[in-house]
Amino acid sequence: MALTGLTDATAPAADAMPPANKDAGDVRMISTKEMSAHNAADDLWISISGDVYDVTPWLRRHPGGEVPLLTLAGQDATDAFMAYHPPSVRPLLRRFFVGRLSDYTVSPASADFRRLLAQLSSAGLFERVGPMPKVQLAVMSVLFSIALYCTLACASTGAHLFAGGLIGFIWIQSGWIGHDSGHHELTTHPALNRLIQIITGNCLTGLGIAWWKYNHNTHHIACNSLDHDPDLQHLPLFAVSTKLFNNIWSVCYERTLAFDAISKFFVSYQHWTYYPVMGFARINLMVQSIVFLVTHKKVRQRWLEIAGVAAFWIWYPLLISTLPSWWERVAFVLVGFFVTGLQHVQFTLNHFSSEVYLGPPKGNDWFERQTAGTLDIKCPPWMDWFHGGLQFQVEHHLFPRLPRQHYRMVAPFVRDLCKKHGLHYGAATFWEANVMTVKTLRAAAMQAREATTGAARKNLVWEAVNTLG
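Read on for a plain summary of the structure.

1. Examining the overall build of the protein
A count of helices and strands for the protein gives 18 helices and nine strands. The C-alpha radius of gyration computed for the protein amounts to 23 Å, which stays within 12% of the reference 23 Å derived for 469 residues, consistent with globular compactness. Residues classed as buried in the protein amount to 54% of the 469 residues present. Accessible surface for the protein amounts to roughly 20,500 Å². Of this, 66% is attributable to carbon and sulfur atoms. With 38 positive and 34 negative side-chain charges, the protein shows a separation of 4 Å between the mean positions of the two kinds.

This is the structure in structure tokens:
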């Protein structure tokens, strides 16, 4: 596909939509300062391409959850809105229209980002999913059948352990499918998309897709914000920055991330415990899914989600129970967890060593924040299957709706934009990314040993459960 060259960054935004009333004299003009005052759940305004909308009545119905809207409340949310929504959604905002910004401006980086996004959309790339999901589902089905055969029909201990590792590998592939389905449609049939999510996520892995989407949407909107992004909130086990030593408030979890004596101990040795903990991170995610589905106020199709997770807790223990001895059963589970632990390492490599900050993201620096907080993993095309699209993390964060097979083609355009605007474009080999991550953890660990601790933790078990893998 050939993309046309980028035009003048100072040109008017191509995505601007006429206000609800075309008579300019009837349109209320609103300053950025006035809009910023409407930043609460009961009074929430945002701006899209200079148009101001009161989305307060839409907050609890927003399919992406309340947190993304609350995070960008009172701000220009144009880039985030365009990245997450197809153009067909834009007209639905008319009923919330209240006026236009009198001092609306667009940064050169944002203007170029929007043009590239428009070019990708015009080329039809967001709808061009290709055969990859079907192939992956077929491969997963074959591998699952092999795992069942090795467990149920073979008497060899080696075959049983191989099956346990194969289950872990299937969980990894299921993670890639779940990640894709959470960002864009895998098929043209919504009901089939939902069925794929429940079977490959809830039923096969025990991880609720509703929990994942809630956390992941928050992560994307506030990428690498220490107090907003749940993917950096790992106390008491990990801290990627000394700013986490200050007992900061987690906007996502609505609790204080306490840095106490227990946190200090674990963080002080986090560069040693990093890989072992990743081997057991799956347990934490399973527990978080259950807690979310049971306690969260708003869960789409809650009972379907719970039924899917319950199905996992039926078939997986039953499969384990067919093994001849307790030590084989334990080994079966451990092998699966440690194999899938590789995926948890991949999750953290993309962000742990990247730039972090405190506070909510600013709506007018989307391109800058997303590129600063992410790291691509360099690999040849034949290794793309191994990383599941996360090797192009910068591109994924800028264009979350884009099917992963297009990332490699889009990456050069993103690199050119970063170079043009003097922005950092992070990329490293898999080995280099591991080294960078461990160095980041070690640097924080050395400072944690000298740090003073905050208030005592009220509930260590709950804090440990909420530590993300």
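Next comes the rest of the account.
2. Remarks on the nonpolar core
Phe113, Trp366, Leu398, Phe399 and Val414 are the most contacted members of the largest nonpolar core, which totals 41 residues. Taken together, the elements giving at least two residues each to this core come down to β3 (43-48), α3 (78-84), α4 (108-122), α13 (366-372), α15 (393-398) and α16 (407-420). Ranked by the residues each element gives to this core, the list is headed by α16, at six residues. Not counting residues up to four positions away in its chain, the partners in contact with Phe399 are Phe113, Leu116, Leu117, Leu120, Phe126, Tyr407, Val410 and Val414.

3. A look at the environment of Leu161
Along the chain, Leu161 turns up in helix α6 (residues 157-183). As for Leu161 and Leu334, which are separated by 173 residues in sequence, their C-alpha atoms are 9.3 Å apart.

4. Comments concerning the sheet that holds strand β4 (residues 51-54)
Strand order in this open sheet of five strands is β1-β5-β4-β3-β2, and the pairing throughout is mixed. Across the chains shown, the open sheet's two edge strands, defined by having one partner strand only, are β1 (29-30) and β2 (39-40). Pairing analysis gives two bridges linking β2 to β3, with the strands arranged antiparallel. Its bridge partner being in β3, Ala40 is matched across the sheet by Asp43.

5. Examining the side chain of Thr371
Tracing the backbone through its elements, the reader meets Thr371 in helix α13. Residue class for Thr371 comes out buried when judged on its relative accessible area of 1%. At 2.9 Å, the side chain of Thr371 and the backbone oxygen of Phe367 are in polar contact. For Thr371, the side chain forms a polar contact with the main-chain oxygen of Glu368, separated by 3.0 Å. Beyond its immediate chain neighbours, meaning those up to four positions away, Thr371 contacts Val394, Leu398, Cys418, Leu423 and His424.

6. Things to note about helix α17 (residues 430-448)
One full turn of an α-helix is made of 3.6 residues, so residues set three or four places apart face in the same direction. If you check α17, its first and last C-alpha atoms are 27 Å apart, about what 19 residues at 1.5 Å a residue would give, namely 27 Å. Those residues of α17 not exposed but buried are Ala433, Asn434, Thr437, Thr440, Leu441, Ala444, Ala445 and Ala448. Buried positions in α17, seen along its axis, are confined to an arc of 135 degrees and lie on one side of it. Exposed and oriented more than 90 degrees from the buried face of α17 are Trp431 and Lys439. Check the buried side of α17 and you find it contacts α9 (261-268), α10 (270-295), α12 (326-349), β8 (376-378) and β9 (427-429).

7. Here's the deal with the pairing of β4
Bridge count for β3 against β4 is four bridges, and the pairing is antiparallel. Residue Trp45 lies in a different strand from β4, and its bridge partner there is Asp54. Turn length for the β3-β4 hairpin, with the two strands adjacent in sequence and antiparallel, is two residues, and the turn residue Ser49 shows positive phi of about 55 degrees. In the sheet, β4 pairs with strand β5 (residues 97-101) via three bridges, with the strands oriented antiparallel. Of the residues in β5, the one forming a bridge with Tyr53 is Phe97.

Calculation notes
- Residues numbered from 1 in each chain as written.
- Predicted model: local features only at pLDDT ≥ 70, side-chain atom pairs only at ≥ 80, totals over all residues.
- Heavy atoms only, no water.
- Helix = DSSP H or I, 4+ residues; strand = E, 2+ residues; numbered from the N terminus.
- Rg over C-alpha atoms; globule rule 2.2 N^0.38 Å.
- Buried < 20%, exposed > 50% of the residue type's maximum accessible area, 1.4 Å probe, protein only.
- Areas by Shrake-Rupley, 256 points an atom, 1.4 Å probe, with all protein chains shown as cover.
- Lys, Arg positive; Asp, Glu negative; His and termini not counted.
- Charge placed at Lys NZ, Arg CZ, Asp CG, Glu CD.
- Core = buried A, V, L, I, M, F, W, Y, C linked by side-chain atoms within 4.5 Å.
- Contact = heavy atoms within 4.5 Å.
- Pairing = 2+ DSSP bridges.
- Polar contact = N/O pair within 3.5 Å; in protein donor to acceptor, adjacent residues only side chain to side chain.
- Expected span 1.5 Å × (residues − 1).
- Arc of directions from axis to C-beta.

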